[in-house]
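Below are the chains, spelled out letter by letter.
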Amino acid sequence: MNEDFDPSIEAGKFSYGFFKSFLEEKKEQLISFFSRNRVGFLPKGCGLGDLKNSQKTQSFKQLKYLIGNHPTLPIISIGLWINSLPEEKQKKVAEEIRNSIYKMHKKKGVSILNMASTGFMEGFIKFLTNYNLKKNLTKEELIDIYEQSLEDWEKISLFIQKNHPLENILQAIQLKLAQGMSFIYVFASYGAIQTMQSVIVQLRSSNLLLQLGYSFSKENLEPKGSKIVLIFEKQ
Amino acid sequence: MPELELIELSTNDIQLALERLGYSIDEQGFVLDLNKKEVMCKYTQERVHIKTAAILPGSLLIINATPLSMAQYFLEYPNDE
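Rules used in this analysis
- Residues numbered from 1 in each chain as written.
- Chains lettered and ligands numbered in written order.
- Predicted model: local features only at pLDDT ≥ 70, side-chain atom pairs only at ≥ 80, totals over all residues.
- Heavy atoms only, no water.
- Helix = DSSP H or I, 4+ residues; strand = E, 2+ residues; numbered from the N terminus.
- Expected span 1.5 Å × (residues − 1).
- Buried < 20%, exposed > 50% of the residue type's maximum accessible area, 1.4 Å probe, protein only.
- Contact = heavy atoms within 4.5 Å.
- Buried area = accessible area lost by both parts, 1.4 Å probe.
- Salt bridge = Lys/Arg side-chain N within 4 Å of Asp/Glu carboxyl O.
- Polar contact = N/O pair within 3.5 Å; in protein donor to acceptor, adjacent residues only side chain to side chain.
- Nonpolar A, V, L, I, M, F, W, Y, C, P; charged D, E, K, R; others polar.
- Pairing = 2+ DSSP bridges.
- pLDDT = per-residue confidence, 0-100.
- Axes fitted to C-alpha atoms, helices over the stretch in contact; angles between N-to-C directions.

### Section: helix 7 (residues 121-135) of chain A
Residue and element names in this part refer to chain A.
At step 1: Over its 15 residues, helix 7 extends 21 Å from the first C-alpha to the last, a length consistent with the 21 Å expected when each residue adds 1.5 Å.
At step 2: Of all the residues in helix 7, the buried ones are Met121, Gly123, Phe124, Ile125, Phe127, Leu128, Thr129, Tyr131 and Asn132.
At step 3: Residues of helix 7 that are buried in the fold lie against helix 4 (58-67), helix 5 (73-84), helix 6 (87-117), helix 8 (139-151), strand 3 (183-189) and strand 5 (227-234).

Laid out in structure tokens, this is it:
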């Protein structure tokens, strides 16, 4: 391998080549240059070219299949794109675009960003898919669950921290369930997963869920099981 | 259909490309069309500024490149159709 080879410089030359071709194009061919060559120019450093890949993911296609051309699809693709960024960048990017998303899509849009920055975007789509299979819902019913979950996201989601005492977590879950919402989502990642396992044991041995009329299931949000969610469903 | 190639360019190069297409930039940095009217981004509904201007295929679109506008663009012009 050529030791002088630097991929970023080579990529730069390639890009500049396209730009140079554009500048050398005949005047009457300039407007069609972009369509003919399937090329576009973006501001340097914006990093938005990768966003198109989020719409090619199985999760995105699956959600589009389930809910059709829903107005929130652009934010879903932003959410999946954020999820694909390095973990330390996810919250920062979500924070930067929160205001513009709220301006156009209000609470539902911000809920999608919150899901994305906590790594639940794909998990939520997986849950909707499985739930749809289990209940054989109409598209309208599924859209209703989707929209309601986004609308109520703050009320129906709970994030367990590693250092939270078990009693406090159980109390927090109980308070959420007592609201009587259709679904409650309880998340844990990395160090908090052990605590979550203890929560599961406690819930199974108590009659709390029976009293409040809920069942629950556990979903792994990552193949290695480093992020999980308990989904409580009102019976 | 070949994959859409998106190339990041410096502000100067974007300006050069826009000027080649007959556009101009006003004193505040907003993009003006051939009739010297401010170009409005079809997705953000705001004036397009040279610092955020993107030039994209699809009857030649000049838009503000933001995550939301780009996500809307990719949905409107999917690569796989």
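### Quick look at the environment of Tyr73 of chain B
Residues and elements named next belong to chain B.
At step 1: By the secondary structure assignment, Tyr73 is in helix 2 (residues 67-76).
At step 2: You can call Tyr73 buried: its relative accessible area is 1%.
At step 3: Taking C-alpha positions, Tyr73 is 9.4 Å from Ile63, a pair spaced 10 residues apart along the chain.
At step 4: Every residue in contact with Tyr73, bar those within four places of it in the chain, is listed here: Leu4, Tyr43, Leu56, Pro57 and Leu61.

### Digging into the interface of chain A and chain B
How big an interface is tends to be stated in terms of the accessible area lost upon association of its parts.
At step 1: At the junction of the two partners, chain A supplies 45 residues and chain B supplies 38 residues.
At step 2: Across the chain A to chain B interface the summed buried area is about 3,600 Å²; carbon plus sulfur atoms make up 69%.
At step 3: Viewed at the interface, chain B and chain A are joined by three salt bridges.
At step 4: Across the salt bridge formed by Glu3 of chain B and Lys56 of chain A, the nearest N and O atoms sit 2.5 Å from each other.
At step 5: There are 17 residue pairs in polar contact (both at pLDDT 80 or more) connecting chain A and chain B.
At step 6: Where the side of chain A that touches chain B is concerned, the elements lending two or more residues are helix 1 (7-24), helix 2 (30-37), strand 1 (39-43), helix 3 (51-54), helix 4, helix 5 and helix 6 of chain A.
At step 7: Of the residues forming the side of chain A that touches chain B, the biggest block, eight residues, is contributed by helix 1 of chain A.
At step 8: Across the side of chain A that touches chain B, the residue classes tally to 25 nonpolar, 10 polar and 10 charged.
At step 9: Summarising the sheet, strand 1 of chain A and strand 1 (residues 5-9) of chain B pair through five bridges and their orientation is parallel. Considered in strand 1 of chain B, the bridge of Val39 of chain A is made with Glu5 of chain B.

### Side note on the pattern of salt bridges
At step 1: Applying the stated criterion across every chain, the model contains 12 salt bridges over all chains.
At step 2: With a shortest N-O distance of 3.5 Å, Glu25 of chain A and Arg36 of chain A are connected by a salt bridge. A residue pair is termed long-range when its members are at least 10 positions apart, and Glu25 of chain A in the loop between helix 1 and helix 2 and Arg36 of chain A in helix 2 qualify at 11 residues.
At step 3: Between Lys103 of chain A and Glu46 of chain B there is a salt bridge, with the nearest N and O atoms lying 3.3 Å from each other. Here Lys103 of chain A, found in helix 6, pairs with Glu46 of chain B, found in the loop between strand 3 (31-32) and strand 4 (53-56), and the two come from separate chains.
At step 4: Where salt bridges share partners, they join Lys52 and Lys56 of chain A together with Glu3 of chain B into one cluster.

### Some remarks on the confidence of the model for chain A
At step 1: The share of residues in chain A with pLDDT of 70 or more is 94%, and the mean pLDDT across the chain is 86.
At step 2: Contacts from residues 5-9 of chain A, a stretch scored under 50 in pLDDT, to residues over four places away or in other chains number one contact.

### Considering unusual backbone geometry
What is expected of a backbone is that most residues other than glycine have negative phi and most peptide bonds are trans.
Residues and elements named next belong to chain A.
At step 1: Within the chain, Arg38 stands out as a residue other than glycine whose phi angle is a positive 50°.
At step 2: According to the relative accessible area criterion, Arg38 is buried, its value standing at 13%.
At step 3: Despite not being glycine, Asn136 has its phi angle at roughly 50°, a positive value.
At step 4: Mapping Asn136 onto the fold places it in the loop between helix 7 and helix 8.
At step 5: On the basis of relative accessibility, which here comes to 67%, the residue Asn136 falls in the exposed class.

### A word on the sheet that holds strand 4 (residues 214-220) of chain A
All names here are of chain A.
At step 1: Across the sheet, four strands lie side by side as 2-3-5-4; this open sheet has mixed pairing. Single-partner strands in this sheet number two, and they are strand 2 (157-159) and strand 4. For this sheet, the mean angle separating the axes of adjacent strands, direction not counted, is 20°.
At step 2: With three bridges connecting them, strand 2 and strand 3 associate as parallel partners.

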